[in-house]
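Listed below are the residues making up each chain.
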Amino acid sequence: MRTVLFLALAAFGAFSTYVMWQVGYLGIWQAGMASLGAWQVLLDLVLMSCIALGFLWQDAQRSGRTWWPFALLTLAAGSFGPLLYLLLQPSGAARSPRPATAS
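Numbering of residues begins from 1 in every chain and follows the order in which that chain's sequence is written. Where local features are concerned, this predicted model is filtered to residues with pLDDT of at least 70; where side-chain atom pairs are given and counted, the filter is 80 or more; whole-chain, interface and lining totals use all residues. Excluding hydrogens and water, the side-chain values take into account all heavy atoms of the structure.

Enquirer: Looking at this structure, how should I read the pattern of salt bridges?
Expert: Opposite charge on two side chains makes pairing possible when the charged atoms of those side chains draw close. We define a salt bridge as a contact between a side-chain nitrogen of Lys or Arg and a carboxyl oxygen of Asp or Glu at a distance within 4 Å. Evaluation of the coordinates by the stated rule reveals one salt bridge. A salt bridge links R62 to D59, with the nearest nitrogen and oxygen atoms 3.5 Å apart. Remark: D59 and R62 occur in helix 2 (residues 36–63); sequence separation between them is three residues, near one turn of the helix. The class of R62 is partly exposed, set by a relative accessible area of 38%. The helix count covers DSSP runs of H or I at least four residues long, the strand count covers runs of E at least two residues long, and both are numbered beginning at the N terminus. Here the term buried applies to any residue with accessible area under 20% of the maximum for its type, exposed to any over 50%, and partly exposed to those in between, with areas from a 1.4 Å probe on protein chains only.

Structure (structure tokens):
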């Protein structure tokens, strides 16, 4: 799984770097607002980022990890935050989750 996450992060990172080089950070946002269809895609990505942040927060609480750097990265750069969070997950975390505490 780490190999797939690493390849996804590397490929998407390379493509994103190329796009940023071509149009800049604001150019990406402007393209996302260029038409009604682009707005739909942009809002869908923002919604999915919020859902991912909720899952990251819950998982971080359960596993005792710090989540805010990944949240900031998600807000600034989208899927890079969740991808890095999953990629940097401790080796045994997926196999032996910490028991939930009563609240």
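Enquirer: How do you make sense of the packing of helix 3 (residues 68–77) against helix 4 (residues 80–87) when you look at a structure like this?
Expert: Inter-axis angles, ranging from 0 to 180 degrees, are taken between N-to-C directions of lines fitted to C-alpha atoms, where helices are fitted over the stretch in contact. Helix 4 packs onto helix 3 with a crossing angle of 145° between their chain directions and a minimal axis gap of 7 Å. Facing F70, L73, T74 and A77 of helix 3, the residues of helix 4 in contact are F80, G81, P82, L84 and Y85. The residue classification treats Ala, Val, Leu, Ile, Met, Phe, Trp, Tyr, Cys and Pro as nonpolar and Asp, Glu, Lys and Arg as charged. All others, Gly included, are polar. By residue class, the composition of the contact of helix 3 with helix 4 is seven nonpolar, two polar and no charged. Whether two residues are in contact is decided by their heavy atoms, any of which lying within 4.5 Å being enough.

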